[in-house]
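# Close look at the chain arrangement
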Amino acid sequence: MNKSFNKYWKSKSILVDWYKSPLDICSFDNKYKRYIWYKDGKINIYHNCVEKHLPHFNDKCAIKYLDKHGTLRELTYHELFLKVEHFSIFLKNKISKKGKVKVAIHSSASIEAAIAMLACCKLGILFTVIFQTLPAKSLLTRLKIFKPDLLITKSDIPEIKEKILPIIKNLNNVQNIKIRIVNFECKNKIRTNYSYDMRKSLNKKDVIEKIPTRKLASDKSSFVLFTSGSTGNPKGVEHTTGGYILYSKLTCIDQFGMDKNSNVLTLSDAGWINGHTYALFGPLSLGATTLLVEDPMMMFNSILLENVLKKHNINILYLPVTIIRLLKALMPKKQLNFPKLKSLGSMGEPLAENVANWFTSTFSKNKLPVVNTYFQTETGGIICSPKFNNLHPLKYSGTVGKPLNKYIKLNIFSKKRNKKNFDLKIITPWPGCMKNIINSKKSFNSYFDNKYNFKLFDIGKLDKNNNLLVFGRSDDVMNLRGHRIGSGEIEDQILKINTIKEVCAISCKDEFEGEKVVIFFSKKKKSKTKDLINEINYKIINYFGNWSKPKFIIELSQLPKTRSGKILRRILRVLVNDPKKKNIGDVSTIYDKNIIKEIRSKILKINYD
């Protein structure tokens, strides 16, 4: 790396508190074929998120939590400190194993999950957060891969009896993995190894011993998050400590304008990277207040969302794309006024131009630019997005803007190739990059080309203002009669139809043409399906040409999505080519599994002749 690159990232190292300031900024490890950030630095994420704030923000609210019943709980930074310290003592006493210790946290977004995550950070324990809603088989798969010493669960008594205990018994007896269970709330009511009352009020007397916060090497592994990706098989994406927390804080500041006065609502489950970077670690590292919501889908209710924003003075609102689309369908003409809003963000997948325009014009009189984020679990934080303070927001509408800064470069920007679709790569290292994929070295290596550029497996191009348009995964590129076209390009055109709620374009095999387009959509209640299908056909053919005419256009009650709002295109692609196929890969992250039956049924009813 050149001098200016190292100088820039050295200057950014002062964003976080180090026990030992690093001199080695970025170096390449020939053995593991990856970049290491701040190699000689010593740091701790928990210290940066809680301990350092106590002299200044002792009585300030750190976390608010809205559960699925609408009950609100709050913790100040001092109360959060006491909870983490007390739980750390509990963990320390229960884990006697020497060497590498691992903890699995089985929970939705909650105060309990946050405390457990921060306690693991304090003690230097590698952890993973696993969705509480996962079916038993999917939970078992992840535990087999991660092999934790403790499973910390927020499940209630029936679920522990029916799902958790049989899984642990299977692993302990058959797989020879010794996992003990910690339950947050079921004290003395069920036979788990341990229970811990997370809701108990604490004071300084309850923290009998003070366990020192560990001074960790910057490259020390911090957490693992599982992501399915296009293969359908869970991948354990491993992140570091120093580079990760620095990049989290930097992107919070630069892209969202987040600071100590921010009230942040990041509507993400704890098991997603957004639930780590932009719901917990990023906001707390700045001394901000973050609002966690147990069930993100609660915010489909526009009245509840409006009340939450006003009551909690939310000034940074970061929503899944699917929720934004459905809100648009539910309240197309409603004008909301939130003068305190500083940033609007979208997560999950790129936001179409007309939806972005609706979002900003509906939620803010000032027409705030939408921080239309582009990044992946593997990147740790935002790579590209418009910034919160863009002077000309409409210029960025529907795009993911430009890279974070000039020291994060994408190949498409460096070569100005804006006349055709382009396979996207990050051609400079950055601190938030994943360290490893714990269950597949081959999969980890597949992300890097022979020059160690990072492959995003997405396609995109530059618009007339040199902003990036992302059209979807490389495997969402269709070759239609020799024309390469991305699913996102087709979807953008269909979403211009006002009566469409959401849409997904994929390709299917065709005996004569090789590939054809298939459209899945959901509509607003009052619109007629037959009219919509005719309009979709017209839109696509009129924009792209006769060669792009869809083979099928299929209406669904909803599209298959994850809890964060990402459309599961892989499932649609598998089923449209073989609706009777039983093994369609990992479907554990899908929000509503009933939609799979509906998809099969609709496809099987189609006359393939």
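Structure's up top.
Residues numbered from 1 in each chain as written. Predicted model: local features only at pLDDT ≥ 70, side-chain atom pairs only at ≥ 80, totals over all residues. Heavy atoms only, no water.

### Re the environment of Ser414
Looking at the secondary structure, you find Ser414 in helix α13 (residues 411–415). Classification of Ser414 by relative accessible area gives partly exposed; the value is 43%. (Helix = DSSP H or I, 4+ residues; strand = E, 2+ residues; numbered from the N terminus. Buried < 20%, exposed > 50% of the residue type's maximum accessible area, 1.4 Å probe, protein only.)

### Notes on helix α16 (residues 529–544)
An ideal rise of 1.5 Å per residue puts 22 Å on 16 residues; α16 measures up with 22 Å between its terminal C-alpha atoms. Taken as a whole, α16 has its buried residues at Leu532, Ile536, Asn537, Ile540 and Phe544. Projected down its long axis, α16 carries its buried residues within an arc of 135 degrees, all on one side. Seen from the buried face of α16, the exposed residues on the opposite side, beyond 90 degrees, are Lys530, Tyr538 and Asn542. Just downstream of α16 lies Gly545, where phi reads positive at about 120 degrees. (Expected span 1.5 Å × (residues − 1). Arc of directions from axis to C-beta.)

### Points about the sheet that holds strand β14 (residues 263–266)
Paired through their backbone hydrogen bonds, the strands of a sheet run either parallel or antiparallel. Strand order in the open sheet formed by seven strands is β5-β4-β15-β14-β16-β17-β18, and the pairing between neighbours is mixed. Sheet topology places β5 (72–76) and β18 (370–372) at the edges, where each strand pairs with a single neighbour. For this sheet, the mean inter-axis angle between neighbouring strands, taken without regard to orientation, is 20 degrees. Most of the contacts of helix α9 (residues 273–285) go to β14, to which it runs at about 170 degrees, and overall it touches β4 (61–66), β14, β15 (289–293), β16 (316–320) and β17 (343–347). (Pairing = 2+ DSSP bridges. Axes fitted to C-alpha atoms, helices over the stretch in contact; angles between N-to-C directions. Contact = heavy atoms within 4.5 Å.)

### Looking at the pairing of strand β7 (residues 126–130)
Counting buried residues in β7 gives five out of five residues, a clear majority hidden from the surface. Burial along β7 is two-sided: the face carrying Leu126, Thr128 and Ile130 and the face carrying Phe127 and Val129 are both buried. Across five bridges, the pairing between strand β6 (residues 102–106) and β7 is parallel. Considered in β7, the bridge of His106 is made with Ile130.

### Details of the packing of helix α11 (residues 321–330) against helix α12 (residues 353–363)
Two quantities define a packed helix pair, namely the angle between the helix axes and the distance between the axes. One way to put it is that α11 packs onto α12 with a least axis distance of 10 Å and a crossing angle of 70 degrees. The angle between α11 and α12 falls in the class roughly perpendicular. Residue-level inspection shows Ile324, Arg325, Leu327 and Lys328 of α11 in contact with α12, the latter providing Asn354, Val355, Trp358, Phe359 and Phe363. Among the residues making up the contact of α11 with α12, the classes are represented as six nonpolar, one polar and two charged. (Parallel < 35°, antiparallel > 145°, perpendicular 65-115°, else oblique. Nonpolar A, V, L, I, M, F, W, Y, C, P; charged D, E, K, R; others polar.)

### A closer look at the sheet that holds strand β27 (residues 500–510)
An order of β27-β28-β29 is seen for the three strands of this open sheet, with the pairing classed as mixed. The open sheet has two free edges, formed respectively by β27 and β29 (552–555), since each of these has just one partner strand. Each strand axis lies, on average, 20 degrees off the axis of its neighbour in the sheet, ignoring direction. In this structure, β27 lies alongside strand β28 (residues 514–523), joined through ten bridges in antiparallel fashion. When the sheet's bridge partners are listed, Ile500 is paired in β28 with Lys523. Along the sheet face, helix α15 (residues 487–494) touches β27 and β28 and points at about 140 degrees away from the line of β27. Seen against the sheet, α16 touches β27, β28 and β29 and runs at an angle of roughly 135 degrees to β28.

### Describing the packing of aromatic side chains
Counted under the stated rule, the structure contains 29 aromatic pairs. Summarising the aromatic geometry, the rings of Tyr278 and Tyr318 are spaced 5.9 Å apart at their centres and angled 80 degrees between planes, so their arrangement reads as edge-to-face. Of this pair, Tyr278 sits in helix α9 while Tyr318 sits in strand β16, and the two are 40 residues apart along the sequence. Among the aromatic residues, ring-to-ring pairing joins Phe5, Tyr8, Trp9, Trp18, Trp37, Tyr38 and Tyr407 into one connected group. The positively charged end of Lys60 is found above the aromatic ring belonging to Phe57, 4.8 Å away from the centroid. Sitting over the ring of Phe146, Lys102 keeps its end group 5.4 Å from the ring centre. (Phe/Tyr/Trp six-rings, centres within 6.5 Å; stacked < 30°, edge-to-face > 60°. Lys NZ or Arg CZ within 6 Å of the ring centre and 35° of its normal.)

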